[in-house]
Amino acid sequence: MTATTVSRADAGTTQPVHPLGSRARVLLTSVFGPYAQDDEFGSSRINPMELYHNQVTRTQGPFSLRMFHRSWGIMMIQCNIEAHCNLLDFPTRERFIRELKTVPYDVIGISSILVNVLKVKEMCRLIRRHQPSAQIVIGGHIANLEDLHERVMADHIVQGEGVEWFRRYLGEDTGRPYRHPVVYSPVDMRSMGVRVPNKPGETAATVIPSVGCPMGCNFCSTSAMFGGKGKFNTFYETGDELYEILLGLARETQARSFFVMDENFLLNRKRALRVLELMERDRQSWSFYLFASANVLRRYSIDELLRIGISWIWIGLEGEGSQYGKLRGANTREMVGEFQANGIRVLGSTIIGLEDHAPDTIDAAIDYAVSHATDFHQFMLYTPLPGTALHKGLREQGLIMEEAEVGLPEIHGQARFNYRHPHIRDGLETDMLIRAFNRDFEVNGPSVVRIVETTLKGWLRHKHHPDERVRDRFHWESKELATTWSAVVSATRRYYRKDAAMSKRLRSLQETLRTEFGWKSKLASGLGGMFVYLAMKREASRLKRGATSEPPTFYESNYQQAGSAAEPCRWVEADSANASHSACVL
């Protein structure tokens, strides 16, 4: 086996090319499960695949929002190469082995994050055993690990954007416009014991305008992965291109809402306003769920955000007096309150264990975060991941712990530090993190209730909005207030019947819903409320028994072949979004 190559698609240096070019048969795969169980390959119950439950609603019990998300990176690569490509997402180890035994491949690509390094090592071993002639390509956040080439038996380690790298590797045209995979945002979404099906028209589609983050926070592995501060790859440069992609996704999924997987989508104001212009021209009334920094949000008026259709914002709230420029000069509490008063739901993100945090100051930092009363709140430990500027700085100071103390599978920001904090020692950070989750839950209540409150505020304020598009969007977003959300409030009120403060708050909310929506809300509160309450009790019992959840396995192909069990992948293109595309016929 030749030495491992480590390369970037955007580095402008010579890149290896596969001898078969686009005639090579390719397999792209995520790491094997299970993911929410302690095992020999580094998985752990404390770090499941469910991002929201793991990092946002972690201590909310049966109220926790549970869902999975597809591996969008390898989906993007699959539909943007001409070579025949199969994709395995969330396979079991046994399913991965079966694929290796039954389908010959020339190239096998594995996407992973750092904590799954032992799984990547095992998958490389299995490939060498069953398909020794296949070239192994490793990508994703794990590629930031400087000595990865010494840990796994890979041929190529790819840092950064994978589509262009694979096109060069397979001898294909790198200048071709980017296709966009057709994909729903959540998989197996559920809360309070009730499953939310992916109904056409009701489920958000995912759209990925770019990758990387221009803000360049020192702890950000995404920024580091794509080259650092100011570096990012844009798939759709203009508002016209992006609008065509949105049209195609809306047609293919019937979606009216889009989860925008872009670290700071609104930063490109010209593109965002062009999308708005085209939406207004065609009378499109869409909702967007996105990430944004405080200083970028300040560049938009509430009117602009409402007209664009911003419905949900994930915003960093690192801490009062934060050093990070994305928060400089922003009164985030006022900002959050204004968003919620206009029906825009907010997910705040706070770091526990910043340089100035200490045992005697951490409660004040937690209270400051909780005082924002966001609809959701993510808490993460200040974690120097390999490849980031933070990791480099702490390593130079000799503060990074050895792997014998903290193994790579433990560096996920939800348990313990992997470095020596100046003030927080002896594992105190674990309790601090849980206290943050608990404090937010105790003070602000279940996130599902906060969502109802914010949605109701938006409805009451904008149900008669003069802009027909805005008015239509609020009617669509609020249509479940009279039924599903009334049942949720009723069930939650039963759950908190012995909590005087929460009972008063929920009673007031229930009365407002009934006043606004009449008999529909009363009926849903009674029958629907009892159904949800019983489902929630069953869910609480299931969780008490230690039950965990795993995502289903997906097997897809960008070409059709008789007898194949793979589903055809689907995509849309900016230059022809009026026509759908799926796997080509072999």
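Residues numbered from 1 in each chain as written. Predicted model: local features only at pLDDT ≥ 70, side-chain atom pairs only at ≥ 80, totals over all residues. Heavy atoms only, no water.

### Section: the overall build of the protein chain
Part 1: In terms of helices and strands, the protein chain carries 20 helices and 24 strands.
Part 2: Along the three orthogonal principal directions, the C-alpha set of the protein chain runs to about 70 × 60 × 45 Å.
Part 3: Expressed as a percentage of the 586 residues in the protein chain, the buried residues total 59%.
Part 4: Within the protein chain, residue pairs in contact and separated by at least 24 positions form 75% of the contacts whose partners lie at least 6 positions apart.
Part 5: Side chains of the protein chain give 72 positive and 68 negative charges; the mean places of these two sets differ by 6 Å. (Helix = DSSP H or I, 4+ residues; strand = E, 2+ residues; numbered from the N terminus. Buried < 20%, exposed > 50% of the residue type's maximum accessible area, 1.4 Å probe, protein only. Contact = heavy atoms within 4.5 Å. Lys, Arg positive; Asp, Glu negative; His and termini not counted. Charge placed at Lys NZ, Arg CZ, Asp CG, Glu CD.)

### Structural notes on the packing of aromatic side chains
Part 1: Counting across every chain of the model gives 28 aromatic pairs.
Part 2: Relative to Tyr496, the ring of Phe63 has its centre 6.1 Å away and its plane inclined at 25°; by these criteria the two rings are stacked. Here the residue Phe63 occupies a position in the loop between α1 (51–55) and β3 (66–68), and Tyr496 occupies one in the loop between α18 (484–495) and α19 (500–517), the gap between them amounting to 433 residues.
Part 3: Judged by relative accessible area, Tyr496 falls into the buried class, the value being 12%.
Part 4: Put simply, the rings of Tyr52, Trp72, Phe259, Tyr289, Phe291, Trp312, Trp314 and Phe376 pair up and form one aromatic cluster.
Part 5: Over the ring of Phe554 we find Arg70; its NZ or CZ atom is 4.0 Å from the centre of that ring.
Part 6: The ring centre of Tyr555 lies 4.6 Å from the NZ or CZ of Arg95, which sits over that ring. (Phe/Tyr/Trp six-rings, centres within 6.5 Å; stacked < 30°, edge-to-face > 60°. Lys NZ or Arg CZ within 6 Å of the ring centre and 35° of its normal.)

### Focus on the sheet that holds strand β7 (residues 156–159)
Part 1: Across the sheet, eight strands lie side by side as β1-β7-β6-β5-β2-β4-β19-β21; this open sheet has mixed pairing. The strands lining the two open edges of the sheet, one partner per strand, are β1 (5–8) and β21 (567–568).
Part 2: Taken together, the four bridges between β1 and β7 define a ladder with parallel strand orientation. Paired with Arg8 across the two strands is Gln159, which belongs to β7. (Pairing = 2+ DSSP bridges.)

### Some thoughts on the pattern of salt bridges
Part 1: Evaluation of the coordinates by the stated rule reveals 38 salt bridges.
Part 2: Across the salt bridge formed by Arg93 and Glu122, the nearest N and O atoms sit 2.7 Å from each other. With Arg93 in helix α3 (residues 93–102) and Glu122 in helix α4 (residues 117–130), the pair connects residues that are 29 residues apart, well separated along the chain.
Part 3: Look at Arg93 and you get partly exposed, because its relative accessible area is 22%.
Part 4: Note on Glu122: relative accessible area 9%, which makes it buried.
Part 5: What you see here is one network of salt bridges that share partners, running through Glu82, Arg176, Arg179 and Glu573. (Salt bridge = Lys/Arg side-chain N within 4 Å of Asp/Glu carboxyl O.)

### Focus: a nonpolar patch on the surface
Part 1: Where nonpolar side chains cluster on the molecular surface, the patch consists of Trp519, Leu523 and Leu527 and spans about 390 Å² of accessible area.
Part 2: Following the sequence through the fold, Leu523 ends up in helix α20 (residues 519–544). (Patch = residues over 30% accessible without salt bridge, like charges linked within 9 Å, V, L, I, M, F, W, Y side chains within 5 Å. Areas by Shrake-Rupley, 256 points an atom, 1.4 Å probe, with all protein chains shown as cover.)

### Some thoughts on helix α17 (residues 468–477)
Part 1: The complete set of buried residues in α17 reads Arg469, Val470, Arg473, Phe474, Trp476 and Glu477. All buried residues of α17 lie within an arc of 160° about the axis, which places them on one face of the element.
Part 2: The opening residue of α17 is Asp467, an N-cap whose side-chain oxygen sits 2.9 Å from the backbone nitrogen of Arg469. (Arc of directions from axis to C-beta. Polar contact = N/O pair within 3.5 Å; in protein donor to acceptor, adjacent residues only side chain to side chain.)

### Regarding the packing of helix α16 (residues 447–462) against α19
Part 1: Here α16 crosses α19 at 40°, and the two axes come no closer than 12 Å. On the basis of the axis angle, α16 is oblique to α19. At the point where α16 passes α19, the crossing takes the left-handed sense. Two secondary-structure elements touch here, α16 through Val449, Arg450, Val452, Glu453, Leu456, Trp459 and Leu460 and α19 through Arg505, Leu506, Leu509, Thr512, Leu513, Glu516 and Phe517.
Part 2: A per-class count over the contact of α16 with α19 returns nine nonpolar, one polar and four charged. (Axes fitted to C-alpha atoms, helices over the stretch in contact; angles between N-to-C directions. Parallel < 35°, antiparallel > 145°, perpendicular 65-115°, else oblique. Left-handed = near helix turned anticlockwise from the far one by under 90°. Nonpolar A, V, L, I, M, F, W, Y, C, P; charged D, E, K, R; others polar.)

### Section: the sheet that holds strand β10 (residues 194–196)
Part 1: In space, the three strands of this open sheet follow the order β3-β9-β10, with antiparallel pairing throughout. At either end of the open sheet lies a strand with only one pairing partner, and these are β3 and β10. This sheet shows a mean twist of 25° between the axes of neighbouring strands, independent of strand direction.

### Describing the packing of helix α8 (residues 239–253) against helix α9 (residues 269–282)
Part 1: Two numbers describe how α8 lies on α9: the axes approach to 8 Å, and their chain directions differ by 55°. Between α8 and α9, the interaxial angle falls into the category oblique. Every pair of crossing elements has a handedness; the one defined by α8 and α9 is right-handed. Across the interface between the two elements, Gly239, Asp240, Leu242, Tyr243 and Leu246 from α8 touch Arg271, Arg274, Val275, Leu278, Met279, Arg281 and Asp282 from α9.
Part 2: Its residues assigned to classes, the contact of α8 with α9 comprises six nonpolar, one polar and five charged.

### Observations concerning the nonpolar core
When a protein is soluble and globular, its nonpolar side chains tend to lie buried together.
Part 1: Grouped together as the largest cluster of nonpolar side chains are 85 residues, with contacts concentrated most on Phe166, Leu266 and Phe288.
Part 2: At six residues, α8 tops the list of elements feeding residues into this core.
Part 3: Excluding anything up to four places from it in sequence, Leu266 contacts Ala272, Leu290, Val296, Leu297, Tyr300, Leu305 and Ile310.
Part 4: In this structure, Leu100, Tyr105, Ile157 and Val406 belong to the second largest nonpolar core, which totals 36 residues. (Core = buried A, V, L, I, M, F, W, Y, C linked by side-chain atoms within 4.5 Å.)

### Topic: the environment of Glu161
Part 1: Mapped onto the elements, Glu161 comes out in the loop between β7 and α6 (162–169).
Part 2: Given a relative accessible area of 6%, Glu161 falls into the buried group.
Part 3: A distance of 2.5 Å separates a polar side-chain atom of Glu161 from the backbone nitrogen of Val163.
Part 4: A distance of 3.2 Å separates a polar atom in the side chain of Glu161 from the backbone nitrogen of Glu164.

### Side note on the environment of Phe474
Part 1: Mapped onto the elements of the fold, Phe474 is located in helix α17.
Part 2: Taking the relative accessible area as the measure of exposure, Phe474 reaches 1% and is therefore buried.
Part 3: Linking Phe474 and Glu442, residues 32 residues apart in sequence, is a C-alpha distance of 30 Å.
Part 4: When residues no more than four places from it in sequence are discounted, the contact partners of Phe474 are Leu306, Asn342, Gly343, Gly458, Trp459 and His462.

### Quick word on a positive patch on the surface
Part 1: Taken together, the side chains of Arg494, Arg497, Lys498 and Lys537 make up a positively charged region of the molecular surface.
Part 2: Relative to the assigned elements, Arg497 resides in the loop between α18 and α19.

### Some details on the side chain of Thr206
Part 1: Examined against the element boundaries, Thr206 turns out to sit in strand β11 (residues 205–207).
Part 2: Given a relative accessible area of 0%, Thr206 falls into the buried group.
Part 3: Every residue in contact with Thr206, bar those within four places of it in the chain, is listed here: Trp72, His180, Val183, Tyr184, Ser185, Leu249, Phe259 and Met261.

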